[in-house]
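Residues per chain are reported as follows:
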Amino acid sequence: MTGIAITFFVIAAVLVWGGLIASIIFLARQPQVKNYPEGSELVSDDD
Amino acid sequence: MSVQRKSGEHGSVASRPREQWTGQLGFILSAIGSAVGLGNIWRFPGVAYENGGGAFLIPYLIALVTAGIPILFLDYAIGHRFRGSSPTAFRRLGGKAGKWLESLGWFQVWICIIIAVYYAAVVAWAASYFTFSFDLRWGDDPGGFFITEFLQTSDPGFSSQFVPAVLIPLVLVWVAVLAVLGSGIAKGVQRANIIFLPLLVVAFLILVVRALFLDGAMSGLNAFFTPDFTALGDPNVWIAAYSQIFFSLSIAFGIMITYSSYRSRKANVTAPALVVAFANSSFEIIAGIGVFATLGYFAFQQGVAIDELEGLTGVGLSFITFPAIVSQMPGGPIFGALFFGSLVMAGFTSLLSVLQVVSSAFQDKFGITARQAALRVGSALAIVSVLLFSTTTGLITLDTVDQWANNVGIVGAAIAATILVIWVFRKGPELAAHLSAVSTFRVGRVWQLLVGVLAPVVLLYMLIQRIIVLVTEGYEGYPLWYLAVAGWGTIAVIVIGAITMTALRWKHDPDEFTPWPSTEALKELKK
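The sections below set out a description of the structure shown in this document. (Residues numbered from 1 in each chain as written. Chains lettered and ligands numbered in written order. Predicted model: local features only at pLDDT ≥ 70, side-chain atom pairs only at ≥ 80, totals over all residues. Heavy atoms only, no water.)

Moving on to the overall build of chain B. Counting its secondary structure elements, chain B contains 22 helices and zero strands. Principal-axis analysis of the C-alpha atoms gives chain B an extent of 70 × 50 × 45 Å. Residues counted as buried form 65% of the 527 residues belonging to chain B. The long-range share in chain B, meaning contacts at least 24 apart out of those at least 6 apart in sequence, stands at 85%. By element, 66% of the accessible surface of chain B is carried by carbon and sulfur atoms, the whole surface being about 18,300 Å². Considering chain B, the positive charge centre built from 31 side chains and the negative charge centre built from 28 side chains are found 22 Å apart. (Helix = DSSP H or I, 4+ residues; strand = E, 2+ residues; numbered from the N terminus. Buried < 20%, exposed > 50% of the residue type's maximum accessible area, 1.4 Å probe, protein only. Contact = heavy atoms within 4.5 Å. Areas by Shrake-Rupley, 256 points an atom, 1.4 Å probe, with all protein chains shown as cover. Lys, Arg positive; Asp, Glu negative; His and termini not counted. Charge placed at Lys NZ, Arg CZ, Asp CG, Glu CD.)

We now examine the packing of aromatic side chains. In this description, an aromatic ring pair is defined by two values, namely the gap between the centres and the angle between the planes. Counting across every chain of the model gives 50 aromatic pairs over all chains. Over the aromatic face of Tyr36 of chain A sits the side chain of Lys266 of chain B, whose NZ or CZ is 5.3 Å from the ring centroid. (Phe/Tyr/Trp six-rings, centres within 6.5 Å; stacked < 30°, edge-to-face > 60°. Lys NZ or Arg CZ within 6 Å of the ring centre and 35° of its normal.)

With 31 residues of chain A at the interface, the matching set in chain B holds 47 residues. For the pair chain A and chain B, the number of links is zero salt bridges. Our count for the contact surface shared by chain A and chain B stands at seven residue pairs in polar contact (both at pLDDT 80 or more). Taken together, the residues of the side of chain A that touches chain B break down into 19 nonpolar, eight polar and four charged. (Salt bridge = Lys/Arg side-chain N within 4 Å of Asp/Glu carboxyl O. Polar contact = N/O pair within 3.5 Å; in protein donor to acceptor, adjacent residues only side chain to side chain. Nonpolar A, V, L, I, M, F, W, Y, C, P; charged D, E, K, R; others polar.)

Grouped burial of nonpolar side chains is what soluble globular proteins tend to show. All names here are of chain B. Ranked by size, the top nonpolar core spans 208 residues in total, and within it Trp125, Trp174 and Phe246 carry the most contacts. Element by element, the count of residues in this core is highest for helix H7 (residues 98–133), at 24 residues. Among all residues touching Phe246, those that are not within four sequence positions of it are Ile71, Ile251, Ala252, Ile410, Val411, Ala414 and Leu459. (Core = buried A, V, L, I, M, F, W, Y, C linked by side-chain atoms within 4.5 Å.)

Now for the pattern of salt bridges. Residues and elements named next belong to chain B. Taken as a whole and assessed by the stated rule, the structure comprises seven salt bridges over all chains. Here Arg18 makes a salt bridge to Asp364, at a shortest N to O gap of 3.2 Å. One end of the pair, Arg18, is in the loop between helix H1 (3–9) and helix H2 (24–35); the other, Asp364, is in helix H16 (residues 332–366), and 346 residues separate them in sequence. With a closest N to O distance of 2.9 Å, Asp135 and Arg137 form a salt bridge. On the basis of relative accessible area, Arg137 is assigned to the partly exposed category, the value being 42%.

Residue and element names in this part refer to chain B. With an omega of -5°, the peptide bond between Trp516 and Pro517 qualifies as cis. Along the chain, Pro517 falls in the loop between helix H21 (480–503) and helix H22 (519–526). A positive phi angle, close to 45°, is found at Leu136, a residue other than glycine. Inspection of the secondary structure puts Leu136 in the loop between H7 and helix H8 (142–150). The phi dihedral of Arg426 is positive, around 50°, even though this residue is not glycine. Within the element layout of this structure, Arg426 appears in the loop between helix H18 (394–424) and helix H19 (428–438). Since its relative accessible area comes to 58%, Arg426 is described here as exposed.

Below, the discussion takes up the environment of Ala97 of chain B. Mapped onto the elements, Ala97 of chain B comes out in the loop between helix H6 (86–94) and H7. Separated by 328 residues in the primary sequence, Ala97 of chain B and Phe425 of chain B have C-alpha atoms spaced 9.0 Å apart.

Turning to the side chain of Ser85 of chain B, a few remarks are in order. Residue and element names in this part refer to chain B. Turning to its location among the elements, Ser85 is positioned in the loop between helix H5 (57–82) and H6. A distance of 3.0 Å separates a polar atom in the side chain of Ser85 from a polar atom in the side chain of Thr88. A polar side-chain atom of Ser85 sits 2.9 Å from a polar atom in the side chain of Asp364. In this structure, Ser85 is in contact with Arg18, Ile257, Thr258, Ser261, Ser360, Ala361 and Asp364, ignoring residues within four places of it in sequence.

A separate point is H5 of chain B. Residue and element names in this part refer to chain B. The terminal C-alpha atoms of H5 lie 35 Å apart, and with 26 residues this matches the ideal 38 Å at 1.5 Å per residue to within 8%. Counting buried positions along H5 yields 23 of 26 residues, so the element is predominantly enclosed. Arg83, located one to two residues past H5, shows a positive phi value of around 40°. (Expected span 1.5 Å × (residues − 1).)

In structure tokens, the structure reads:
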């Protein structure tokens, strides 16, 4: 592969696959909000 | 707040509790399974190559962030807050004028009906080609085999001459998909996605790794990733990027509204949406690498440059170009089986999601079960699908209906949804507050601006441009009478279907519903 093609492959990998990894880490660290609004005790919490 | 359990969990349009995904993972896998479809494999690589190669990544990522993810958030917000199929959710969103907005939901459902009947045929073709791979049934002339021998394609029209080689797998696809659909969300749709999505990823990764070691693969990747920066000055390249993102993410035609309506009320909405959006694009990049490494090999074998190859996207890429490559490749049958097996799995999970929109809407409106919806509605669709797409005119009908359903139907539905929700019913602040109240990734005015201004402007441009082309130039040289019936007729069916379904009576009152968090609680949060 040429240098410019490799560069754009790396950019794609970092931005798209990096975005996927970052979003998974973000979700794993904060799976749900800490405080729900009023009335939360009346709705189910099974997710 | 005693109303929440009463109206929330049961949704009040049915006498049963609303089904739910068993958890975050089941939902995410199912949503990715919906988004990752045939277009990821056969559309993205060619579109990227023809619109600037590596430089296409710039408008593509901008489109993802400014339109794809915001509209995905909008769909999730509507489905999650108003907890129903597309017609139910829009009706509830509309409040007193909800009846009018319900028709937009049915418009989306009818788009799904149209897409389902032809998408099943493509899955059936891929399933046939999966078996053909083992003995390279297409021989030395894959193009002639596909058009003439396999599909027995005749001139544009509506033939009653069935093609058994298409009819039998098509019936089997419908039996399989309706069996899954009738099993409900957790035991059917979710379970199928938990099995097929990992299988798809593994199969496709094996295919990509194999492709990378073929002669000429690197020249294929050079063609795919080398940027043509002059393309960035072409408005059509930007439109291509927004179109790709828009059609790829399964947004604006009810799927994501329906899927998010099966999440629990306290579910995190936006953070999983980011995972879904980036997973979809990640698969597209992998597909681009796999497809162009393979095309590089083909060009090397032919002694030509990549840009001299034909059939780099769509049906031509999958059913003509790829079989030709498989025939020349060492270990071709296995490679072919992996490719067409991947198409079947990607197509099947997307087809499931399209049909779930239809099933959910009929369940809500008529108080029927998932099994009843699969048997009654699904069977009717299967019959229409077989009548239209297993005949000698199936390919041309499919091509025409697909063009209108996507470029006019879905784009039109998206424009209507963004304008009506944000500007007419002014629900942007409420939906933004809802997303932020239950999600760890908060949204605000920027999101509302993207959904309410940028998205409709880009989509309107896309729609007008496409309509002008379809009206002035026609499509693929097909006769005008045929385009009027199969093309514009498709839009007429969607509109009439939406109006008719809206006029019918509900089994249970959908308006007996109170969203949670309440609007008062959301206002309180903003202070």
